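Topology and contacts: notes
Single-letter residue listing:
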Amino acid sequence: MTLASSVIVPYTAYLRVYEPLAAFPEPERTHWATYAKRDDLPSAQDELRRSLADLLPVPPVPVPVHESADAFVAVVDGVTCVCPWRTRLRGWLALEELPESLPGPLLDAALPPVVRRQAASDYEQWLERNPDARPWIRSATWHVPVRWFVLFADEEREYTKGDESLILRYRTPMVQARRRVARGLKVLKEALGEGPLIDGLVDVGRWLEEFHPRSLVELDYGGLVHVLPAGQLEDDRSAADVAEGLAALKDGDGERAGSAYERLTDRWSEVRGRQNAS
């Protein structure tokens, strides 16, 4: 998870890319190949706990001193794919976004200016040595961005309710995600011309292009499963509503598109209410 944003609130959703081992240069490829064979691979909850632990020192540590050597692992059609955590890089990126999402006094109390300035200086120096770096994971607090749902189909939804875990996620091959982005952009540009949804989807599309074409793309509701009502989790069909809305726009049916969007916003309004009350 991104440290700087998610340590403020753990109710975070994630968009992840799992790349096949062949996408990584040596010696990183060998590292991940050995890593994937471990019996004690960390879970998403392990990543959360490690991130929150960095808040305990005074002043807090918003960005780890060293980059994480951990990753999420998935086997796709017999091919081992990994999604590196890259916690340090994601912490830096999240720090850049915090001033836009938190009031100044709250931000200063959580992460003092001197801490943020040092982290920004460290990132600038690191970026000079690693100009092509990019994260395998994106995150969003208290919601799932509408543009993320464009990448998935309703039948790719996975809902698992166990004794100790609750998972709601979508998974799709990279080729499908890229195709849906292209189709979605075509429909939105023809129907709307321009707007933040289009800009956001363009950004996601460019990010996906940086990965191996045989990658796996995953949308994980993450900590949001703990704030969404149980009935809503079981009945959530957000990807289907987004697909329905795009299909309606393509057909020129504004009323049907509006109904799909209304279902989507109604579903997430309660979560937004909890955010405002926190």
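Refer to the structure printed above.
Residues numbered from 1 in each chain as written. Predicted model: local features only at pLDDT ≥ 70, side-chain atom pairs only at ≥ 80, totals over all residues. Heavy atoms only, no water.

Bringing helix α11 (residues 238-251) into the picture now. Because each turn of an α-helix spans 3.6 residues, side chains separated by three or four positions end up pointing in the same direction. Across its 14 residues, α11 extends 20 Å between first and last C-alpha, which sits within 8% of the 20 Å expected from 1.5 Å per residue. In the stretch just after α11, Gly-252 is the one whose phi turns positive, near 75°. (Helix = DSSP H or I, 4+ residues; strand = E, 2+ residues; numbered from the N terminus. Expected span 1.5 Å × (residues − 1).)

As a packed pair, helix α8 (residues 174-192) and helix α9 (residues 196-208) sit with axes 10 Å apart at the nearest point and diverge in direction by 155°. Taken as axis vectors, α8 and α9 run roughly antiparallel relative to one another. The element α8 and its partner α9 pack so that their crossing is left-handed. Between α8 and α9, the residues in contact are Met-174, Ala-177, Arg-178, Val-181, Gly-184, Leu-185, Leu-188, Lys-189 and Leu-192 and Leu-197, Ile-198, Leu-201, Val-202, Gly-205 and Leu-208, respectively. Looking at the contact of α8 with α9 residue by residue, the class counts come to 11 nonpolar, 2 polar and 2 charged. (Axes fitted to C-alpha atoms, helices over the stretch in contact; angles between N-to-C directions. Parallel < 35°, antiparallel > 145°, perpendicular 65-115°, else oblique. Left-handed = near helix turned anticlockwise from the far one by under 90°. Contact = heavy atoms within 4.5 Å. Nonpolar A, V, L, I, M, F, W, Y, C, P; charged D, E, K, R; others polar.)

This paragraph deals with helix α6 (residues 113-129). Taking 1.5 Å as the rise per residue, α6 with 17 residues should run 24 Å; its terminal C-alpha atoms sit 25 Å apart, in good agreement. For α6, the full list of buried residues reads Val-115, Ala-119, Tyr-123 and Trp-126. Along α6, the residues classed as buried sweep out an arc of 65° about the axis, all on the same side. In α6, the exposed positions angled more than 90 degrees off the buried face are occupied by Val-114, Arg-117, Glu-124 and Glu-128. (Buried < 20%, exposed > 50% of the residue type's maximum accessible area, 1.4 Å probe, protein only. Arc of directions from axis to C-beta.)

Turning to the side chain of Arg-16, a few remarks are in order. Mapped onto the elements of the fold, Arg-16 is located in strand β1 (residues 12-20). Only 2.7 Å separates the side chain of Arg-16 from the side chain of Glu-218, close enough to count as a polar contact. Only 2.9 Å separates the side chain of Arg-16 from the side chain of Asp-220, close enough to count as a polar contact. Among all residues touching Arg-16, those that are not within four sequence positions of it are Ala-44, Phe-72, Cys-83, Trp-136, Ile-137, Leu-216, Val-217, Glu-218 and Asp-220. (Polar contact = N/O pair within 3.5 Å; in protein donor to acceptor, adjacent residues only side chain to side chain.)

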